[in-house]
Amino acid sequence: MLFIDRPGWLHKLHPFTKLVLLLLSAALAYLTGLSIGSLSLLLAACLLLIISGGIFSVSAKMVIRIFLPLILFMVPIHGLLNPANTTEIFSFHGIVFYREGLFFALKTLMQLGVVISASLAFVFTTHPADLITAVSHASGSISIGYLLGFPLLLLESMRERVVTIQNAQRARGLEIDGNIFRRFTSLGPLLFPLLIGSIVGIEQRSIALEVRGFKIHGPKTSLRLVPDSLLQKLSRRLMLTLAVILPMLHFFR
Amino acid sequence: MTIRIKNISFSYPDGSRALHNLSLTIETGECVAITGHNGSGKTTLVKHLNGLLKPDNGDVLVNDSNTKACKTGQLARQVALLFQNPDDQICKQTVRDEIAFGPKNLGFEKDKINLLVEVSLALFDLVQYKNHNPHDLGYSERKRTAMASIVAMDSPVLIFDEPTAGLDHLEIELLLKVFEKLQRENKTIIVISHDVDFIAENMDRTITLANGEKIFDGPVRNLFQDDSLLARCGLLAPQMVQLSKSCKLPSAALSPQEFISLVQD
Amino acid sequence: MPVIDITQLSYCYRENNPPVLQDVSLQIYSGQFVGIAGANNSGKSTLCYAMSGVVPHLFHGKFSGNVKINGISTLEHTVSDISNQVGLVLQKPDNQISGMRFTVFEEVALGLENRGFERETIRKRVSEMLNLMELSSHAERSPFHLSGGQQQRLALASVLAVDPPVLILDEPTTFLDPSGAFHLFSILQKLQKEGKTIIITEQRTDLLAAFTERVIVLQEGRVRKDGSPQNVLTTPDIETAGIGRTRYTKTAELAKKNSLWQTDHALPATLNETIAGLRIRKNTDDYKN
């Protein structure tokens, strides 16, 4: 779970508002043919969002983790080898960097930067339970909310079980480290119990769910309140319309 | 096969302290119970005996060799450990193959593996199921398969985590017969258990942990007679001890036979 | 009228497999605390499933006979509907966590949300349940981070939240320590005194003898014995059905052989029954000479 529990205006927004915002920034970055200049404005807006939302330091760490390898990979590849390369910018001991490739790399990275920072603004400030509640409400079906939330929660219990299974098999003499071949052959005894255990767990859990009235007909209530407002609803409509219309305008121009 | 633990301490990566300055020695052929609250460090302790965990401080010596210098694979030849849930380990398509898994990993000869597997199948009354898929069988058959797979490793030390949990009376009787056989072969048996009646009747010595420290190490009777100690480790007195106390016997009986001989004089 | 009325129930999970339950007929009355004992694979879990509608609704085996809850056949209702009448707690604590809620508090609320209770009612009811199960201090923790004993009490709290008159628990103490098991039984006893009907399967006969008022023995899917704990749990032949008699019973049997038992006392299953029947000095001073 990536959610960070602290007060902030982004935290108070309805999950859907943040989702639509994410959608809009992705549409703007990818589908409206923005120049590098406009992209940097968009990126600055995202940065502002993250800073004002109080999640700058965690987001920065995450962005560096994702972008450093990408930069190291894309800049030389495109700067040197992009097929559109014609204009030489500088050369270094016979290695030549070209303007077109570097611009392409920069633009791709900026587009990605917009989407990733908007995504981080969503995941860091949205409690999964709020998202599940909102989805269940909107869809009128708790099954859909369940499909969404269950993997999140399951992952945690799976991680613990992986360690237990590893221990159990090592205690029976299974070597799990060593050369690649050995690691590969040790995978079966680790994965098989995990898989079977999950299947058995699901059967039991579905019984447990049924007896909690999972399929009872009639209106359902929710303990968790996910506040929404007219302003947010309207701005979601507006953002959605923009996310559809702006790319279309660009496309038909 | 002596196990010597010298002043070990261990904390998990998240910083929680699991064991603190703990020392003990277990000699060949002993029958030892490890008791204590959930989270008192019992499982962490036994994971040190076969090298699954290495102490932060102090040493664990299995047959005079330090676990820090050994791989778990090597140590499994000396110390076999059975975890509580059979479904955390069953990975083969037949009961027979599942039981052969450990001996194969230890690199035994084919004939020896076959012999060990046959003996274990018989010991745990699984011969009729040997070609069944363990996952088609009930919990108790799977639990017995898991136990058989540990016994088949022929290690001089065997550790069982909650072996009686989920077993019925007949299965516990079966387990006791296996324990008797292992004792005759001079194997060391270490049992983590909450089952006080089982411990009272079948174990010689008990080691009791609380918050990662050893708070008792001695004859089973001494633990069960000490109410404050029992309360500290979340145990209730065994039935026979409760009866002995209610009848105001000078010392607690551990079995019905003993009780009768105590009151008979 | 019995709360649960089973007539000639037989069930097998798959065609051609041997039946797991065979010709089971029994009635359970309101307010009873009933223990079900038997070896593994004797049909205990399946009987629990049948009494809560899980069988035949969620398993598609061969079902014959009739199970009525308050006079209405389980066939006529869904498992969710039946859960208003009958709460079911299973053996493995972690598998009963819904996986839909992030805190203990919300987990208990789930059943109430599904039934459309008002938010304030839910809060009040959940707080009561957590108090009763001594889980209040864990309300904001993740259900997955509780110990086995706590998870089992959480499962009970979740089922109990919707206030079903009947509670069925299938070997709930397997993964609990002795004080946890004792604690759970004490809670159940309290619930029974408040008018609930409790049905529990359990291997430990000392707990059954101490807490229940009626014990049913299953063997190979059939009801072999049904009566008071003292009558049922002291007969030697239950051991061949995979049920261990208490140490108290065994002690009394030995005492009888050694003329240390009062002949007018029946064999005991509990501590107090044993003390009452033994013909020994019951004073420390007497042992000092």
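Residues numbered from 1 in each chain as written. Chains lettered and ligands numbered in written order. Predicted model: local features only at pLDDT ≥ 70, side-chain atom pairs only at ≥ 80, totals over all residues. Heavy atoms only, no water.

It is worth spelling out the side chain of Lys44 of chain C at this point. Residue and element names in this part refer to chain C. Among the structural elements, Lys44 can be located in helix 1 (residues 44–51). Here Ala39 takes part through its backbone oxygen, which lies 2.9 Å from a polar atom of the side chain of Lys44. Those residues in contact with Lys44 that lie beyond four places of it in its chain are Ile36, Ala37, Gly38, Ala39, Glu171, Thr201, Gln203 and Leu218. (Helix = DSSP H or I, 4+ residues; strand = E, 2+ residues; numbered from the N terminus. Polar contact = N/O pair within 3.5 Å; in protein donor to acceptor, adjacent residues only side chain to side chain. Contact = heavy atoms within 4.5 Å.)

So, on to the packing of aromatic side chains. For the structure shown, the criterion picks out 12 aromatic pairs over all chains. Measuring from centroid to centroid gives 5.2 Å for Phe185 of chain C and Phe211 of chain C, while their planes differ by 35°, and the two rings are tilted. Of this pair, Phe185 of chain C sits in helix 7 (residues 178–193) while Phe211 of chain C sits in helix 8 (residues 205–211), and the two are 26 residues apart along the sequence. Of the residues examined, Phe185 of chain C reaches a relative accessible area of 0% and is grouped as buried. Classification of Phe211 of chain C as buried rests on a relative accessible area of 10%. Taken together, Tyr11, Tyr13, Tyr49, Phe59 and Phe63 of chain C form an aromatic cluster joined through their ring pairs. Lying across the ring of Phe108 of chain B, Lys112 of chain B places its NZ or CZ 4.1 Å from the centre. (Phe/Tyr/Trp six-rings, centres within 6.5 Å; stacked < 30°, edge-to-face > 60°. Buried < 20%, exposed > 50% of the residue type's maximum accessible area, 1.4 Å probe, protein only. Lys NZ or Arg CZ within 6 Å of the ring centre and 35° of its normal.)

This paragraph deals with the environment of Glu140 of chain C. If you trace the backbone, Glu140 of chain C turns up in the loop between helix 5 (119–132) and helix 6 (148–160). Separated by 37 residues in sequence, Glu140 of chain C and Thr103 of chain C have C-alpha atoms that sit 5.1 Å apart.

The next point concerns the domain arrangement of chain B. Residues and elements named next belong to chain B. Parsing chain B into structural domains produces domain 1 (3–78 + 155–238) and domain 2 (93–152). Here the C-alpha centre of domain 2 lies 24 Å away from the C-alpha centre of domain 1. Taken together, the contacts link 17 residues of domain 1 with 13 residues of domain 2. The largest share of the area that domain 1 buries against domain 2 comes from Arg77, Leu174 and Val178, three residues that together contribute 34% of it. At the junction of domain 1 and domain 2, the tally comes to zero salt bridges. Inspection of the domain 1/domain 2 interface yields three residue pairs in polar contact (both at pLDDT 80 or more). Among the secondary structure elements, those contributing two or more residues to the side of domain 1 that touches domain 2 are strand 7 (157–161) and helix 6 (169–184). (Domains from an automatic or database assignment. Buried area = accessible area lost by both parts, 1.4 Å probe. Salt bridge = Lys/Arg side-chain N within 4 Å of Asp/Glu carboxyl O.)

Moving on: the interface of chain A and chain B. Of the residues lining the interface, 16 residues belong to chain A; the matching set on chain B comes to 27 residues. Buried surface at the junction of chain A and chain B, summed over both partners, amounts to about 1,800 Å²; 57% is from carbon and sulfur atoms. When the buried area of chain A at its contact with chain B is split by residue, Ala171, Arg172 and Phe192 of chain A rank highest and sum to 37% of it. Across the chain A-chain B interface, the total number found is two salt bridges. Across the pair Arg161 of chain A and Asp88 of chain B runs a salt bridge, and its minimum N-O distance is 2.4 Å. Among the elements of the structure, helix 7 (142–170) and helix 9 (187–210) of chain A are those that each provide at least two residues to the side of chain A that touches chain B. Looking at the side of chain A that touches chain B element by element, the count peaks at seven residues for helix 7 of chain A. For the side of chain A that touches chain B, the per-class residue count stands at eight nonpolar, four polar and four charged. (Nonpolar A, V, L, I, M, F, W, Y, C, P; charged D, E, K, R; others polar.)

Core analysis: the largest hydrophobic core is formed by 56 residues, its most contacted members being Phe124, Phe179, Met203 and Phe224 of chain B. Taken together, domain 1 (3–78 + 155–238) and domain 2 (93–152) of chain B each give at least three residues to this core, which thus spans both. Aside from chain neighbours lying at most four places away, what touches Met203 of chain B is Cys31, Val32, Ala33, Phe179, Val191, Phe198 and Val220 of chain B. Ranked by size, the runner-up nonpolar core spans 49 residues in total, among them Ala139, Leu160, Ala209 and Ala241 of chain C. (Core = buried A, V, L, I, M, F, W, Y, C linked by side-chain atoms within 4.5 Å.)

Facing the 34 residues of chain A at the interface are 38 residues of chain C. Taken together, both faces of the contact between chain A and chain C bury some 3,400 Å²; the carbon and sulfur share is 59%. Along the contact surface separating chain A from chain C lie two salt bridges. For the salt bridge of Arg212 of chain A with Glu107 of chain C, the shortest nitrogen-to-oxygen distance reads 3.0 Å. Across the contact surface, chain A and chain C share 15 residue pairs in polar contact (both at pLDDT 80 or more). When contributions to the side of chain A that touches chain C are tallied by element, the ones reaching two or more residues are helix 6 (128–139), helix 7 and helix 9 of chain A. Grouping the amino acids of the side of chain A that touches chain C by side-chain chemistry returns 17 nonpolar, eight polar and nine charged.

A separate point is the domain arrangement of chain C. Residue and element names in this part refer to chain C. For chain C, the domain assignment lists domain 1 (1–85 + 164–236), domain 2 (102–159) and domain 3 (246–281). Each of domain 1 and domain 3 was reduced to a C-alpha centroid, and the two centroids are 30 Å apart. Roughly 620 Å² of surface becomes buried between domain 1 and domain 3 when both sides are summed, with 62% attributable to carbon and sulfur atoms. Looking at the side of domain 1 facing domain 3, the largest losses of area belong to Ala209, Gln230 and Thr234, adding up to 67% of the total buried there. At the junction of domain 1 with domain 3, the criterion picks out zero salt bridges. Across the domain 1-domain 3 interface, the total number found is one residue pair in polar contact (both at pLDDT 80 or more). For the side of domain 1 that touches domain 3, the secondary-structure elements that each account for two or more residues are helix 8 and helix 9 (229–233). The biggest single contributor to the side of domain 1 that touches domain 3 is helix 8, with four residues.

Attention shifts here to the sheet that holds strand 1 (residues 3–11) of chain B. All names here are of chain B. Strands sit in the order 2-1-4-5 across an open sheet of four strands; the sheet is antiparallel. Each edge of the open sheet is held by one strand with a lone partner, namely strand 2 (17–26) and strand 5 (65–66). In terms of strand pairing, strand 1 meets strand 2 through six bridges, oriented antiparallel. Bridge pairing in strand 2 links Ile8 to Leu22. Along the sheet face, helix 1 (residues 42–49) touches strand 1, strand 2 and strand 4 (57–62) and points at about 125° away from the line of strand 1. (Pairing = 2+ DSSP bridges. Axes fitted to C-alpha atoms, helices over the stretch in contact; angles between N-to-C directions.)

This part takes up helix 4 (residues 104–114) of chain C. All names here are of chain C. Within helix 4, 11 of the 11 residues are buried, leaving the element largely enclosed by the surrounding structure. Of all the positions in helix 4, only Val104, Phe105, Glu106, Glu107, Val108, Ala109, Leu110, Gly111, Leu112, Glu113 and Asn114 are classed as buried. Directly after helix 4, the chain includes Gly116, whose backbone phi takes a positive value near 75°.

Moving on, we get to unusual backbone geometry. With the exception of glycine, the majority of residues adopt a negative phi angle, and the majority of peptide bonds are in the trans configuration. All names here are of chain C. Pro56 follows Val55 through a cis peptide bond whose omega is 10°. In this fold, Pro56 is placed in helix 2 (residues 54–57). Of note in this structure, Asp23 is not a glycine but carries a positive phi near 50°. Relative to the assigned elements, Asp23 resides in strand 2 (residues 21–28).

Moving on, we come to helix 4 (residues 56–81) of chain A. Each full turn of the α-helix corresponds to 3.6 residues, which orients residues three or four apart in the same direction. Residue and element names in this part refer to chain A. Taking 1.5 Å of rise per residue, 26 residues should cover 38 Å, and helix 4 covers 35 Å from first to last C-alpha, within 8% of that figure. Along its length, helix 4 shows its largest kink, about 30°, at Phe67, and proline Pro69 lies within four residues downstream of that point. Of the residues making up helix 4, those classed as buried are Ser59, Met62, Phe67, Met74, His78 and Gly79. Where the residues of helix 4 are buried, they touch helix 3 (36–52), strand 2 (95–98) and helix 5 (99–123). (Expected span 1.5 Å × (residues − 1). Bend = angle between axes of the 7 residues up to and from the residue.)

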